[in-house]
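Here is how the chains run, residue by residue.
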Amino acid sequence: MLAAALRYAANGWPVFLLGRSKRPVALCAGCETARRERATHDPQGCPCLTCHGFYAATTDPQRIAAMLRAVPRGLLAIRTGLASGLVVIDVDPRNGGTASLHALIARGFTPPTRYVRTGAGGLHLYYRHPGGIAIPCDKGIRLGPGIDVKADGGYVVAPPSRHPDTGRPYLWADQGTPMKEAAPALVSACVADDRRPAPVRPAGHPVPPRSGGAASYPDRLMATLAARISQAPQGKRRVTLFGCARGAARMVAAGQMTSIDAYDQLVAACDAAGWPWAKTTPNAIAEGFAAEGVTL
């Protein structure tokens, strides 16, 4: 496991450990308290070894070895998205993934590339992230039943981990196949406007709030978030944007705006503040959204 983790890290792929159930390792007491109290706590900047799931991912050999000592029976995982330069297409035959994959191949969405056979009998197709824009994770909505996208704000279980239900290992199935860049058609489908239909609710019934409830005046709150971005000092920009993204994501979760609108307004605020465009900006927004259970 350590040898595999170090190989991935040498590729520039940050790795971390999951629990035996494929879920992130439980938070420490301090991080759990911060989560419950909704304190300003940037998971990406947290020094804890295994807290916050993929936010703990690293390419540091010493931290990787320490993680494996701390969670000796954990599953090895790779963070996807801009952080690693990876987009992984997860094909689940149990939910119609085989037929969906054939349709994607016919449309040029999934050219041959490096892939993994999962412990559950599926496939993980590894593609290079094209960069420049965050690609949201997606569960069987945009590309078809049984096809999940693992990109910004996501992760995949990596070989040689064993599936917790079947006991079978995840295995690299190809020998020397070069990894291709994600096809433009695939990227376009992933970052297109949200195609999921809005839930139908009886007239006069409020949208049930999640993640802290709805804001009374969403426009005013977005203006406040934009002001925070404009006032953020140089060394605090990322944590400020992460916190603002969480605030915007709560309004998305409450049904007061779409994730695309929230993302665009946050980017516009960064542009107005004169921030240089870099992967830090889309990463911080995607991570703030993911912390509230919202995807682009």
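Residues numbered from 1 in each chain as written. Predicted model: local features only at pLDDT ≥ 70, side-chain atom pairs only at ≥ 80, totals over all residues. Heavy atoms only, no water.

**Details of the packing of helix α6 (residues 218-231) against helix α7 (residues 237-253)**
Right, so step 1: Orientation of α6 relative to α7, taken along the N-to-C sense of each, is 170°, at an axis distance of 9 Å. Taken together, α6 and α7 sit at an angle that is classed as roughly antiparallel. Contacts between α6 and α7 involve Pro218, Leu221, Met222, Leu225, Arg228 and Ile229 from the first element and Thr240, Leu241, Cys244, Gly247, Ala248 and Met251 from the second.
Right, so step 2: Of the residues that constitute the contact of α6 with α7, the class distribution is nine nonpolar, two polar and one charged. (Axes fitted to C-alpha atoms, helices over the stretch in contact; angles between N-to-C directions. Helix = DSSP H or I, 4+ residues; strand = E, 2+ residues; numbered from the N terminus. Parallel < 35°, antiparallel > 145°, perpendicular 65-115°, else oblique. Contact = heavy atoms within 4.5 Å. Nonpolar A, V, L, I, M, F, W, Y, C, P; charged D, E, K, R; others polar.)

**Examining the environment of proline 93**
Right, so step 1: Within the secondary structure, proline 93 is located in the loop between β3 (86-91) and α4 (97-106).
Right, so step 2: Residue proline 93 is classed as partly exposed on the basis of its relative accessible area of 37%.
Right, so step 3: Setting aside its immediate chain neighbours within four residues, proline 93 contacts Thr98, Gly121 and Gly122. (Buried < 20%, exposed > 50% of the residue type's maximum accessible area, 1.4 Å probe, protein only.)

**Considerations on the sheet that holds strand β2 (residues 75-79)**
Right, so step 1: The three strands lie next to each other as β1-β2-β8, forming an open sheet whose pairing is antiparallel. At either margin of the open sheet sits one strand with a lone partner, and together these are β1 (15-18) and β8 (155-157). The average angle at which neighbouring strand axes cross in this sheet is 35°, direction not considered.
Right, so step 2: Where β1 meets β2, four bridges bridge the pair, whose relative direction is antiparallel. Within β2, the position partnered with leucine 17 by the bridge is leucine 76. (Pairing = 2+ DSSP bridges.)

**A few points about the environment of histidine 163**
Right, so step 1: Structurally, histidine 163 can be placed in the loop between β8 and β9 (171-172).
Right, so step 2: It is 6.6 Å that separates the C-alpha atoms of histidine 163 and alanine 120, two residues lying 43 residues apart in sequence.
Right, so step 3: For histidine 163, the contacting residues outside a window of four places in its chain are Lys22, Gly119, Ala120, Arg168 and Tyr170.
Right, so step 4: Among the polar contacts listed, one links the side chain of histidine 163 to the backbone nitrogen of threonine 166, at a separation of 3.4 Å. (Polar contact = N/O pair within 3.5 Å; in protein donor to acceptor, adjacent residues only side chain to side chain.)

**A closer look at the confidence of the model for the protein**
Right, so step 1: Residues at a pLDDT of 70 or more form 89% of the protein, whose mean pLDDT is 84.
Right, so step 2: When pLDDT is averaged over each element of the protein, strand β5 (residues 123-128) comes out on top at 97 and helix α9 (residues 280-291) at the bottom at 79.
Right, so step 3: Below pLDDT 50 for its whole length, residues 193-215 participates in 33 contacts with residues either more than four positions away or in separate chains. (pLDDT = per-residue confidence, 0-100.)

**Focus on the packing of α7 against helix α8 (residues 259-272)**
Right, so step 1: Where α7 meets α8, the axes come as close as 9 Å, and the angle between the chain directions of the two elements is 150°. Put simply, α7 runs roughly antiparallel to α8. Of the two elements, α7 crosses α8, and the hand of that crossing is right-handed. Residues Leu241, Cys244, Ala245, Ala248 and Val252 of α7 pack against Ser259, Ala262, Leu266 and Cys270 of α8.
Right, so step 2: Of the residues assigned to the contact of α7 with α8, the class counts are eight nonpolar, one polar and no charged. (Left-handed = near helix turned anticlockwise from the far one by under 90°.)

**A word on helix α5 (residues 184-191)**
Right, so step 1: Of the residues making up α5, those classed as buried are Leu186, Val187, Ala189 and Cys190. Relative to the axis of α5, the buried residues are bounded by an arc of 165° and lie together on one face.
Right, so step 2: Residues of α5 that are buried make contact with β3 and β7 (147-150). (Arc of directions from axis to C-beta.)

**Focus on the pattern of salt bridges**
Where charged atoms from two side chains of opposite charge approach closely, those side chains can pair.
Right, so step 1: For the structure shown, the criterion picks out five salt bridges.
Right, so step 2: Between arginine 79 and glutamate 287 there is a salt bridge, with the nearest N and O atoms lying 2.2 Å from each other. Taken together, the residues arginine 79 in strand β2 and glutamate 287 in helix α9 connect sequence positions 208 residues apart. In this structure, arginine 79 and glutamate 287 share a single accessibility class: buried.
Right, so step 3: Note that lysine 139 and aspartate 148 form a salt bridge whose closest N and O atoms lie 3.1 Å from each other. (Salt bridge = Lys/Arg side-chain N within 4 Å of Asp/Glu carboxyl O.)

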